[in-house]
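# Remarks on the overall topology
Here are the chains, one letter per residue:
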Amino acid sequence: MGRAGRLSTFLLFCPALLWLGLLIVAPLVDMGALSVSERVSSDEFRFGFANYATFFEEPVYWQTFARTAGFAIIVTAATLVVAFPTALYIAKQAKGMGRVALFTLSLLPFWVSELVRTLGWMILLRESGLISGLLQWLGLAQGRVELLYNDGAMLVGLVYGGLLFMLIPLINALDSLDEHLVEAGLDLGGSRWTVMRRIIIPHAMPGIVAGSIVVFMLTIGNFATAVLLGGKNSLWFTQAIYDQFITRFDWPQGAAFGFMLLGLSSVLVWLGLKLTGQSLTRSLQQP
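Residues numbered from 1 in each chain as written. Predicted model: local features only at pLDDT ≥ 70, side-chain atom pairs only at ≥ 80, totals over all residues. Heavy atoms only, no water.

### A look at the pattern of salt bridges
- The tally for this structure, following the rule as stated, stands at four salt bridges.
- Ionic pairing is found between Glu179 and Lys95, a salt bridge with its closest N-O pair at 3.9 Å. Here the residue Glu179 occupies a position in helix α8 (residues 179-187), and Lys95 occupies one in the loop between α3 (59-92) and α4 (96-107), the gap between them amounting to 84 residues.
- When its relative accessible area of 56% is taken as the criterion, Lys95 is described as exposed. (Salt bridge = Lys/Arg side-chain N within 4 Å of Asp/Glu carboxyl O. Helix = DSSP H or I, 4+ residues; strand = E, 2+ residues; numbered from the N terminus. Buried < 20%, exposed > 50% of the residue type's maximum accessible area, 1.4 Å probe, protein only.)

Rendered as structure tokens:
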């Protein structure tokens, strides 16, 4: 590549590099520097790791993170269970306009913001909402039923919010599955479950890994859905970060908690890849 070609390539990537540098890298570097600033007085700081030590010294913080991480794993697994049959049907069974219609219906809820979707669930789950009224009409409840502000409501909202991000990688992976392999497996005496376990799921594994990583990271970093549906006692780690920044105005501590969330969640993703024997590179390079 000549000098003109290298210059053209550099200019082509300049917008992306500026975007990454100014809006992602620079804020992270600034927040990292802030996280290692120990407050000496009201307007004096020094370098130190006391903000990180607070995370381990105060049980409420690491217990809240452990609860958040555990819940995010459950949400990811539930999202996969809901999304896989849907993705398989759209990729291999639906044809023509039916496939387009199903995919459009999957996209439709995401044409509005996360906050609007969460408020919609609050309207449905409140004690005077549609679900409570339906339970009373069916005779399953004697009075109004409050379905909000608990782990169940939070689970429903988070699975709903992550569904599309699991569907797209799965559809992309399953779409490339050769149907003749499935037919051969059935012709050779394999049951539907055996074909699913030995052919379909291994072929879809890159999509499963990619979707699970995205859903897990989105869930563990979620704020609005977890707080609004789970209530003030939801014990979500992003709520602790919010409290440090907004309620206590302790930005160094909030920055340290933010980096702890980023670091520990990345470690969990790495462990998940190692335990399942999968590769992030292969998942990102799925057809």
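### A closer look at the packing of aromatic side chains
- Applying the stated rule across the entire model yields 14 aromatic pairs.
- Ring geometry for Phe55 and Phe56: centres 5.0 Å apart, planes at 85 degrees, overall edge-to-face.
- Overall, Phe55 belongs to the buried group, its relative accessible area being 2%.
- Its relative accessible area of 54% is what places Phe56 among the exposed residues.
- With a centroid separation of 5.5 Å and 80 degrees between ring planes, the pair formed by Trp121 and Tyr160 is classed as edge-to-face. With a gap of 39 residues between them, Trp121 in helix α5 (residues 114-125) and Tyr160 in helix α7 (residues 151-175) connect regions that are remote in the sequence.
- Taken together, the ring pairs connect Phe55, Phe56, Tyr61, Phe65, Phe237 and Phe257 into an aromatic cluster. (Phe/Tyr/Trp six-rings, centres within 6.5 Å; stacked < 30°, edge-to-face > 60°.)

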